[in-house]
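The lines below spell out each chain.
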Amino acid sequence: MRLHLPLPHHLHPRRGLAALRRWVRQTEVGIILLAVVVGAVSGLLAVAIGGIARGLHVLFFGPGAFHGLSTLRGASPWLLLTLPAIGGLVLGGLNWLLARYRPRSPVDPIEANALYGGRLSFNDGVVVVAQNLVSNGFGASVGLEAGYTQIAGGAASRLGRLFGLRRGDLRVLVGCGAAGAIAAAFDAPLTGTFYAFELVVGVYSIVTLAPVVTSAVTAVLVARLIQTEGAVLAVGGAVAPDWQGYGLALVLGLLCGLAGIVVMRGVTLTERWLRRGVPWPNLRPAIGGLAVGALALITPGVLSAGHGSLHQLFVTETTLGAVALLLLLKALASAISIGSGFRGGLFFASLLLGALMGQLFAAFLALVIPPGVDPIFLITVGTSAFGAAVIGAPLAMTFLAMEMTGNFGLTGAVLVAVIASSVTVRRLFGYSFATWRFHLRGETIRSAQDIGWLRDLTVGKLMRRDVRTVKADTRLSSFRRDFPLGAASQIVAVDEADRYAGIVSVTDAHAEASDELETVAPLLHHAKTPLLPAMNAKEAMAVFEATESEALAVVDNLSSGRVIGLLSQAHLLRRYGEELEKRRTEELGA
């Protein structure tokens, strides 16, 4: 007979796990160790997704697609024309199944960090990856970055919730997932790091630097262990530009900013036209795929994200006509793909479009002021500038061009172009592509900065529910007797049907000027401006400023007008200040 002796109390597995969770939550080293895990997982996921996409390209388009679908040569015209449309049909069927069995739209990492404190579903990541692989695998003009960041962020969020991380730490860990995914996909740790800071975390601080960088570097190392090919292009040594180079970079940055706005507007217009012309949403990807296939008959460079075309542009010379044609057709194919419902983004397409803009600008200068300027210089500058215009991460796009080309001598000129491009888009358009899509859905998100706590800080949570009310026709003498000076400051009045009628100031009721009044009805204020429980703190403060009131009644809704609470401006400001200070403390890592 075997005896099972109980473990000592302090060695019980559950207590050990609880102690580990406490240690991780309470120490900076614990978060960094979680970032290592997230980076490793992100690197594995990015390599796997990229490998599956290349496998689909070879399966559908033939062996010539292994090194890049956009550089495909000798493919059957029927394949080029029909495969994107077939992919659209497959995606439409997948979307139909999702609408039936999983109708909730996935929340992306930017939205999760801005509104939900980093709570991101891993299952949503699987859905987005499946949609992204179908779209990219069949040749639609979209990249895989949406799938990379979605599933990596979802994995990071699930790990963080498993350890019970606080809101601020969970948001940082989601940023670690995005950083690792982008870093592994492009073999660019600095790019992944600043992509996370600028787009997903929304703020940079010394404390958040360690976990995000750790995740990005870990992901790159894992990716390099698995695959031998890197994303670095051999473009020769860097030559620091002179004043003329900086001037040309500024002009090119402005042009890329304007072109980026055109592309983002084009996506919206395409989507609007397709909604009008094709009332069946699940058929729109097939129609869009057919259009992309028709463009691919002119040049396969429009297919997929465009990795092959970008590499070829850096290492081979191309005629002016070919560059202009590919620029136009790639922009059109990207707008059609996104607008028709293919899943993906404009991340890599913006890089290719920027490189084409740079090459086109170089060719123009060679005609006007021969022999012109080194095309590699302007291609590199254009890559970052156009990426910054569309993606909205200027430093990440700067480092991406530098890390992809190994040409760090151009950093100053690239930064000038990126700044010019970003300012142009911000002043004339106001959104990056990601935040523009939120705007079209009715959201007001401009970045990943945490505003979810503000939405959670509602009037319904802040109000006092123990509200004393009086009838609007109460005699003044009775009111003075029931509410002496000092007993309360504001009393809510209701009508015969118990609907909100206004607020009576106790001080006004006891003033000598009120002695001649019979009832409190003439003393009622703010009868038309009650608060609603769903209002957030910012909306409530706007009402207080407009009414110049110290307290306002809260009604269940405007139609019934039933009083359910009272909120003072002092309490609202105090709670808002406390929450704001808490978020600032989290951002600073204190």
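Our structure is the block above this text.
This write-up is about the structure you can find in this document. These numbers come from a predicted model, not from an experiment.

What counts and what doesn't
- Residues numbered from 1 in each chain as written.
- Predicted model: local features only at pLDDT ≥ 70, side-chain atom pairs only at ≥ 80, totals over all residues.
- Heavy atoms only, no water.
- Helix = DSSP H or I, 4+ residues; strand = E, 2+ residues; numbered from the N terminus.
- Contact = heavy atoms within 4.5 Å.
- Salt bridge = Lys/Arg side-chain N within 4 Å of Asp/Glu carboxyl O.
- Buried < 20%, exposed > 50% of the residue type's maximum accessible area, 1.4 Å probe, protein only.
- Expected span 1.5 Å × (residues − 1).
- Polar contact = N/O pair within 3.5 Å; in protein donor to acceptor, adjacent residues only side chain to side chain.
- Pairing = 2+ DSSP bridges.
- Axes fitted to C-alpha atoms, helices over the stretch in contact; angles between N-to-C directions.

What follows is about the environment of V174. Among the secondary structure elements, V174 is positioned in helix α7 (residues 167-186). Each C-alpha atom, one on V174 and one on A155, is 8.2 Å from the other, the two residues being 19 residues apart in sequence. Those residues in contact with V174 that lie beyond four places of it in its chain are P109, N113, G118, L120, G153, A156, S157 and V200.

In this section: the pattern of salt bridges. Going through the model one piece at a time under the given rule, you end up with nine salt bridges. Between R102 and D124 there is a salt bridge, with the nearest N and O atoms lying 2.8 Å from each other. Of this pair, R102 sits in the loop between α3 (77-101) and α4 (109-115) while D124 sits in helix α5 (residues 122-137); the two residues are 22 residues apart in sequence, bridging distant segments of the chain. A residue is classified by how much of its surface remains accessible, and R102, at 27% relative accessible area, is partly exposed. Residue classification places D124 among the buried residues on the basis of a relative accessible area of 2%. Between D187 and R224 there is a salt bridge, with the nearest N and O atoms lying 2.7 Å from each other. Residue D187 is located in the loop between α7 and α8 (189-201), and its partner R224 is located in helix α9 (residues 206-226); the two are separated by 37 residues in the primary sequence. One connected set of salt bridges, linked through shared partners, spans R102, R104 and D124.

This part is about helix α16 (residues 394-405). Count 3.6 residues to each turn of an α-helix, and residues three or four apart come out pointing the same way. Counted at 1.5 Å a residue, the expected span for α16 with its 12 residues is 16 Å, and the 17 Å between its end C-alpha atoms agrees. Burial within α16 is extensive, with nine of its 12 residues counted as buried. Within the sequence span of α16, burial applies to A396, M397, T398, L400, A401, M402, E403, M404 and T405. At the C-terminal side of α16, G406 shows a positive phi close to 70°.

Glancing now at the side chain of T380. Within the secondary structure layout, T380 lies in helix α15 (residues 375-391). Exposure remark for T380: the relative accessible area of 0% places this residue in the buried category. For T380, the side chain forms a polar contact with the main-chain oxygen of I376, separated by 2.8 Å.

On to the sheet that holds strand β2 (residues 490-494). Overall, mixed pairing links the three strands, which are arranged β1-β2-β3 in an open sheet. Of all strands in the sheet, those bounded by a partner on one side alone are β1 (469-471) and β3 (500-505). Strand-to-strand twist in this sheet, taken as the mean axis angle between neighbours without regard to direction, amounts to 35°. Bridge count for β2 against β3 is five bridges, and the pairing is antiparallel. Following the sheet pairing, V492 is matched in β3 by I503.

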